[in-house]
Amino acid sequence: MQTFYLTDTGKIRDHNEDNVIILKNEKNEYLLAVADGMGGHKAGEVASAIVINHLTEEFYGLDSIGSKEAAIDFLRNIVTEMNQKIFEYTKENPDSKGMGTTFVCAIKTDDYLLYGNIGDSSGYVIKKNKIHKVTKDHTLVNLLVSTGELTQEEAKYHPRKNVLMRALGANNPIDIDIFDVEPKIDGILLCSDGLTNMLTEEQIERVLAEEETAEAAVCKLIHKANARGGNDNISVAYLKKESGEV
């Protein structure tokens, strides 16, 4: 497997509130994650860093993530812990009140593939040069689409399309949506909305098909998002199956 991840401030923001990671243990188990912080005054980057740092520490504290059931428990428990850490930080630092972060992750082992998300960062699976969105955004407009009050086309340009209904640090208790995906895939892509607000799925798909390495694909995606305005921080984590790999 090839892996590469990168975060970029973009062209408009003066600092980066995103954090991103790809972890691999000795059992050939992968954990990818993107956290898109919010709250301003550098509080958003604190929230996303709390999430990624705690996730890294807990993952490397295990010999193995274990069975699919154990991995689901791991995700549910760690989300509760990360959420609590953010609330504790805001209690000790009142100026950071209102900070939070989205969270999207994927766990890949030889036996299963799980995605999890809170908020509007996205998780995709790649099969035969086609990308398929796995996660569902926890946004106001997505809720309105699901109830039939908005069409998908209206949702794309709605002035409140970035209003979140769920985020770490904003809801307590918190729950993570978990998706069980067929593990025979060609790649995994996670990203913050700084990418998906700038590029269509077709444009993302084209870049992934054109570039031979994970690094080249991630760098090109970020370059294209910036070329189209770069109005937010942009984070991408990409796992790509090597040619010839089963």
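Residues numbered from 1 in each chain as written. Predicted model: local features only at pLDDT ≥ 70, side-chain atom pairs only at ≥ 80, totals over all residues. Heavy atoms only, no water.

Caption draft 1: Main features of the overall build of the chain. Scanning the chain from N- to C-terminus turns up seven helices and eleven strands. Restricting to contacts in the chain with at least 6 residues of sequence separation, those with at least 24 account for 71%. Accessible surface computed for the chain: about 12,000 Å², of which carbon and sulfur atoms make up 46%. (Helix = DSSP H or I, 4+ residues; strand = E, 2+ residues; numbered from the N terminus. Contact = heavy atoms within 4.5 Å. Areas by Shrake-Rupley, 256 points an atom, 1.4 Å probe, with all protein chains shown as cover.)

Caption draft 2: Layout of the sheet that holds strand S7 (residues 122-127). Reading across from one edge, S1-S11-S10-S7-S8 is the order of the five strands in this open sheet, with antiparallel pairing throughout. Looking at the sheet topology across the chains shown, the edges are occupied by strand S1 (2-8) and strand S8 (130-133). Pairs of neighbouring strands in the sheet enclose a mean axial angle of 15 degrees, with direction left out of account. Sheet topology places S7 next to S8; four bridges connect them, and they run antiparallel. (Pairing = 2+ DSSP bridges. Axes fitted to C-alpha atoms, helices over the stretch in contact; angles between N-to-C directions.)

Caption draft 3: Looking closely at the layout of surface pockets. By volume, the second largest pocket is sized at about 290 Å³. Arg-13, Asp-36, Asn-162, Asp-193 and Asp-232 are the residues nearest the centre of the second largest pocket, which is lined by 13 residues in total. Per-element accounting of the lining of the second largest pocket gives the leading share, three residues, to strand S3 (residues 30-38). Partitioning the lining of the second largest pocket into residue classes produces two nonpolar, five polar and six charged. (1 Å grid on protein atoms, 1.4 Å probe; cavity = no way out; pocket = protein on both sides within 12 Å on 5 of 7 lines; lining within 4 Å. Points joined across faces, edges and corners; volume = space filled by probe spheres on them. Nonpolar A, V, L, I, M, F, W, Y, C, P; charged D, E, K, R; others polar.)

Caption draft 4: Spatial organisation of helix H7 (residues 214-227). Between the first and last C-alpha of H7 there are 20 Å, a value that for 14 residues agrees with the 20 Å anticipated at 1.5 Å per step. Taken together, the buried positions of H7 are occupied by Ala-214, Ala-217, Val-218, Leu-221, Ile-222, Ala-225 and Asn-226. Buried residues along H7 cover an arc of 165 degrees about the axis, so they all sit on one side. Opposite the packed face of H7, turned more than 90 degrees from it, sit the exposed residues His-223 and Ala-227. Contacts made by the buried residues of H7 are with S1, strand S10 (187-191), helix H5 (193-196), helix H6 (201-210) and strand S11 (234-240). (Expected span 1.5 Å × (residues − 1). Buried < 20%, exposed > 50% of the residue type's maximum accessible area, 1.4 Å probe, protein only. Arc of directions from axis to C-beta.)

Caption draft 5: View of the side chain of Asp-18. Along the chain, Asp-18 turns up in strand S2 (residues 18-24). No salt bridge is formed by the buried Asp-18; the nearest opposite charge belongs to Arg-13, separated by 7.2 Å. When residues no more than four places from it in sequence are discounted, the contact partners of Asp-18 are Thr-7, Ala-35, Asp-36, Gly-37, Ser-48, Ser-192, Asn-233, Ile-234 and Ser-235. (Lys, Arg positive; Asp, Glu negative; His and termini not counted. Salt bridge = Lys/Arg side-chain N within 4 Å of Asp/Glu carboxyl O.)

Caption draft 6: Geometry of the pattern of salt bridges. If you walk through the whole model with that rule in mind, you get nine salt bridges. Between Glu-210 and Lys-220 there is a salt bridge, and its shortest N-O distance comes to 3.1 Å. Pair noted here: Glu-210 is in helix H6 and Lys-220 is in helix H7, with a separation of ten residues, a long-range link. The class of Lys-220 is partly exposed, set by a relative accessible area of 26%. A single salt-bridge network, built from bridges that share partners, covers Glu-210, Glu-211 and Lys-220.

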